[in-house]
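# Residue-level structure breakdown
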Amino acid sequence: MKYNSADSKSSMPKQHHYSSVRSRHFQHLYGYQEYDSRTALGLIAELGSESNAHGLAKIVTSRDTKRKVIWALLVIIGFTAATLQLSLLVRKYLQFQVVELSEIKDSMPVEYPSVTICNIEPISLRKFRDMAMNMHGKKLKEWFTLLHYFDFEQMSFMESFRAFYENLGDEAKQLSHDLQDLLIQCRFNREECSVSNFTSSFDGNYFNCFTFNGGQLKEKLQMHATGPDNGLSLIISLEKFDPMPGTYGVYNFENNILHSAGVRVVIHAPGSMPSPVDHGIDIPPGYSSSVGLKALLHSRLPEPYGNCTEGTLQGMHTYRNTFFACLQLCKQNLIIRRCGCKSSALPDLPIENVTFCGVILNWEKILRNETGDSFHRMTIPTPNLECEEKVHRELNNDRAYESECQCYQPCSETSYLKSVSLSYWPLEFYQLEAAKIFTQRNETNRQQYIKVIYDVLKTIHDGNREYLLKHASNSSFPDELRTQQKKTTKEQSDIMRQNLLRLNIYLEDLSVVEYRQLPAYGLADLFADIGGTLGLWMGISVLTIMELVELIIRLIGLMFNVEKEGPQRQRHESSQHRKIAGHYPATNGDADHHTYYPDPYGPSEFDFRRAAEAPV
């Protein structure tokens, strides 16, 4: 074995220094590359080599330049694709789309709706006759005289009930029906109800209307059973009996809702504004009408998913907000703004110094010819009415105005599906007893015709019974008597069936269908898709983001502690690396000279200097 002397050992190249040898040894055996953590680039490279993100570690640890470039391009492509897909996901989330789900709810009480009833014939013929016969009807007679002697640009409107109300005001309201005149019997949920259970409102087409359960009750009317016996049952008199002989009204072909007999019924949510013209159904006389209801609940989302609102109508705080009622009020405001007048076909707003568009100014002076300019068949201009009709046409043909109305759906709303059925009522076989009961219940005696019907039918009934008792052996009636009785009973039956109707409104199903809005794409969905996108293109997870956080923290710490750490930390790290790798300096007889090559047998006991002086 040949050993080098101390002099030859001291002349070894400098690349055999400990740090250089250790670095090459570890790079060769373990693929380990050491980075200087005292610099920002070294710290980034160190954490990049340890990152879980696919591609970043490849860029840092690859020793081949081409391989680094390829992986860098792949990382850039993945980052670009992930960015594009993330932008689409965020845009989708910011659209705040919703889906509507339907759910059937059982075993829960259902709130009974409001029921608004209007007589299709706006004025009471009895009141009209009474007013025409006394001095209080002077203004009424003058109005009809005006219509007879003069022409108007909108003649069909001036002959309508709306023009009658707009020009006569309180006098026209006095001719409207009273609930005491209409209501003969009222039962709700097997209990008696009365006029006190109704509230009144005014409509330009039907005049006085009456609402059951108008929403003013402290406790809601909850229903727990179905069927006509557990709902609202009304018997109504239409007050169209005994018209004045030879008296006929004007038929307006442009009006599609009047000139018929019956009541207009609106079934709506409690506290909401009724609209008989738009949402009502006609109930004819002479029939028993059954209206079965099924409740629908609508739950809508507020901002940012929707624009639903809660509260009352702006301008009419006595009613809850509904989208349709808000649009009606908006139309009225637009007409007032453009024409300087209001329409009786829309909800009346309590605005001072604004008259109806159909008002004929100083029409009484025109009729009396006080200015001397009036003459027979003169055409009276109605510019405001023309403006109203023009605005109505524009609003009905173009819904662009809705954007400035700022009307929104209520966040919680109840509607009702209706199914209507009719049956012949009252059957002639029971009319005598029915007339008797109605007469007894008529405390005000305003339905005098019912008493007349009862007296006529009672007389025929008693006469027939007496005839049968006297002629027991002959049970047949003379043909002349039978014919006369048939004619009389038919006349009374027709009067009864033309004036009376029965209305039953009830729940036919206690199962409530709820339509509920839900977010179509929520925050949890966004996070899940973000994680999937980053994992697909970059292999990034939450822990990878924590690595980035660690890098930022260490870079900040490096900025403030770079001068404090120094050579002491370098010596400590070198010592730690030697301990880890098992490299300890081996002494060969000289404390000042060490060899850093590993020796599996431990340090040599041979003294190089002694061997050089006395070779064996």
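The rules behind these values
Residues numbered from 1 in each chain as written. Predicted model: local features only at pLDDT ≥ 70, side-chain atom pairs only at ≥ 80, totals over all residues. Heavy atoms only, no water. Helix = DSSP H or I, 4+ residues; strand = E, 2+ residues; numbered from the N terminus. Contact = heavy atoms within 4.5 Å. Areas by Shrake-Rupley, 256 points an atom, 1.4 Å probe, with all protein chains shown as cover. UniProt positions renumbered as here; feature names shortened; annotations may be inferred. Polar contact = N/O pair within 3.5 Å; in protein donor to acceptor, adjacent residues only side chain to side chain. Buried < 20%, exposed > 50% of the residue type's maximum accessible area, 1.4 Å probe, protein only. Pairing = 2+ DSSP bridges. 1 Å grid on protein atoms, 1.4 Å probe; cavity = no way out; pocket = protein on both sides within 12 Å on 5 of 7 lines; lining within 4 Å. Points joined across faces, edges and corners; volume = space filled by probe spheres on them. Nonpolar A, V, L, I, M, F, W, Y, C, P; charged D, E, K, R; others polar. Core = buried A, V, L, I, M, F, W, Y, C linked by side-chain atoms within 4.5 Å. Salt bridge = Lys/Arg side-chain N within 4 Å of Asp/Glu carboxyl O. Disulfide = S-S within 2.5 Å. Axes fitted to C-alpha atoms, helices over the stretch in contact; angles between N-to-C directions. Expected span 1.5 Å × (residues − 1).

This part is about the overall build of the chain. Helix and strand counts for the chain stand at 23 helices and 21 strands. Contacts in the chain between residues far apart in sequence, at least 24 positions, make up 76% of those at least 6 positions apart. Total accessible area computed for the chain in this model is approximately 37,000 Å², and 55% of it derives from carbon and sulfur atoms.

Another aspect to go through is the UniProt feature "transmembrane region" (unreviewed entry) in the chain. With numbering aligned to this structure, UniProt lists the feature "transmembrane region" (unreviewed entry) at residues 69–90. Taken end to end, residues 69–90 comprises 100% helix and 0% strand; its first and last C-alpha atoms sit 31 Å apart.

Within the secondary structure, S114 sits in strand β3 (residues 114–119). For S114, the side chain forms a polar contact with the main-chain oxygen of N213, separated by 2.3 Å. With sequence-adjacent residues up to four places away left out, S114 is seen in contact with T211, F212, N213, G214, G215, V266, I267, H268, A269, P270 and G271.

Look at the link from E303 to P304: it is a cis peptide, with omega at 5°. Note on placement: P304 falls in the loop between β13 (287–299) and β14 (312–313). The residue after W425, namely P426, is reached through a cis peptide bond having omega -10°. Its location among the elements puts P426 in the loop between β17 (412–424) and α17 (431–441). Despite not being glycine, F96 shows a phi value in the positive range, around 50°. Assignment of secondary structure puts F96 in the loop between α5 (65–94) and β1 (98–105). Even without being glycine, Q406 reaches a positive phi, approximately 55°.

Extensive coverage of β13 is indicated by the burial of 10 of its 13 residues. Looking at chain direction, β13 and β17 are connected through 13 bridges and run antiparallel. Considered in β17, the bridge of Y287 is made with Y424. Judged from the six bridges that link them, β13 and strand β18 (residues 500–507) form a sheet pairing that is parallel. Residue S288 lies in a different strand from β18, and its bridge partner there is R502. Across four bridges, β13 lies against strand β19 (residues 512–519) in parallel orientation. Along β19, the bridge assignment pairs L297 with E514.

In this section: empty space enclosed by the protein. Inspection of the entire model under this criterion finds two cavities of 30 Å³ or more. I117, L179, L182, L183, F198, F210, L234 and I236 are the residues that line the largest cavity. Residues of the lining of the largest cavity, tallied by class, amount to eight nonpolar, no polar and no charged.

On to the nonpolar core, then. Membership of the largest hydrophobic core comes to 32 residues, with the highest contact counts inside it found for W143, M158, F164 and I380. For this core, the secondary structure elements donating two or more residues are α6 (125–132), α7 (138–149), α8 (155–158), α9 (161–168), β8 (207–212) and α14 (363–368). If one sorts the elements of this core by residue count, α9 sits on top with five residues. Leaving out residues up to four positions away in the same chain, I380 has contacts with L146, F150, D151, F152, E153, I360 and I366. Counting 31 residues, the second-largest nonpolar core is a separate cluster that includes V265, A295, L503 and I505.

Turning to the pattern of salt bridges, a few remarks are in order. Considering all chains together, one arrives at 23 salt bridges under this definition. With a shortest N-O distance of 2.8 Å, E103 and R516 are connected by a salt bridge. Of the two residues, E103 sits in strand β1 while R516 sits in strand β19, which places them 413 residues apart along the sequence. Close ionic contact of R337 with E404 constitutes a salt bridge, the shortest N to O distance being 3.4 Å. On the criterion of sequence distance, the pair formed by R337 in helix α13 (residues 323–339) and E404 in helix α16 (residues 402–405) is long-range, its members being 67 residues apart. R337 gets classed as exposed once you look at its relative accessible area, which sits at 58%. What you see here is one network of salt bridges that share partners, running through E103, K105, E514 and R516.

With that settled, consider the state of the cysteines. Using the criterion set out here, one finds seven disulfides in the structure. Residue C118 pairs covalently with C209 via a disulfide, S to S 2.0 Å. Of note, the bridge from C118 to C209 carries an S-S torsion of about 115° and is right-handed in sense. Here C118, found in strand β3, pairs with C209, found in strand β8; they are 91 residues apart in sequence, far enough to count as distant.

Within the secondary structure, S419 sits in strand β17. On a C-alpha basis, the gap between S419 and L293 in space is 6.7 Å, while along the polypeptide they are 126 residues apart. Within the structure, the side chain of S419 is placed 3.2 Å from the side chain of E508, a separation counted as a polar contact.

Taken in spatial order, the five strands of this open sheet run β7-β8-β3-β11-β12, and their pairing is antiparallel. What marks the edges here is a single partner per strand, and that holds for β7 (198–203) and β12 (281–283). The mean inter-strand angle of the sheet, taken between neighbouring strand axes irrespective of direction, is 30°. Examined bridge by bridge, β3 and strand β11 (residues 263–268) share six bridges and lie antiparallel to one another. Residue pairing in the sheet places T116 in a bridge with V266 of β11.

End to end, α5 covers 43 Å across 30 residues, agreeing with the expected 44 Å (1.5 Å per residue, within 8%). Turning to α5, its buried residues number three or more, namely V75, G78, A81, A82, L89 and Y93. Buried-residue contacts for α5 involve α4 (56–61) and α20 (523–537). The distance from a side-chain oxygen at the start of α5 to the backbone nitrogen of K66 is 3.3 Å, and the residue carrying that oxygen is D64. F96, located one to two residues past α5, shows a positive phi value of around 50°.

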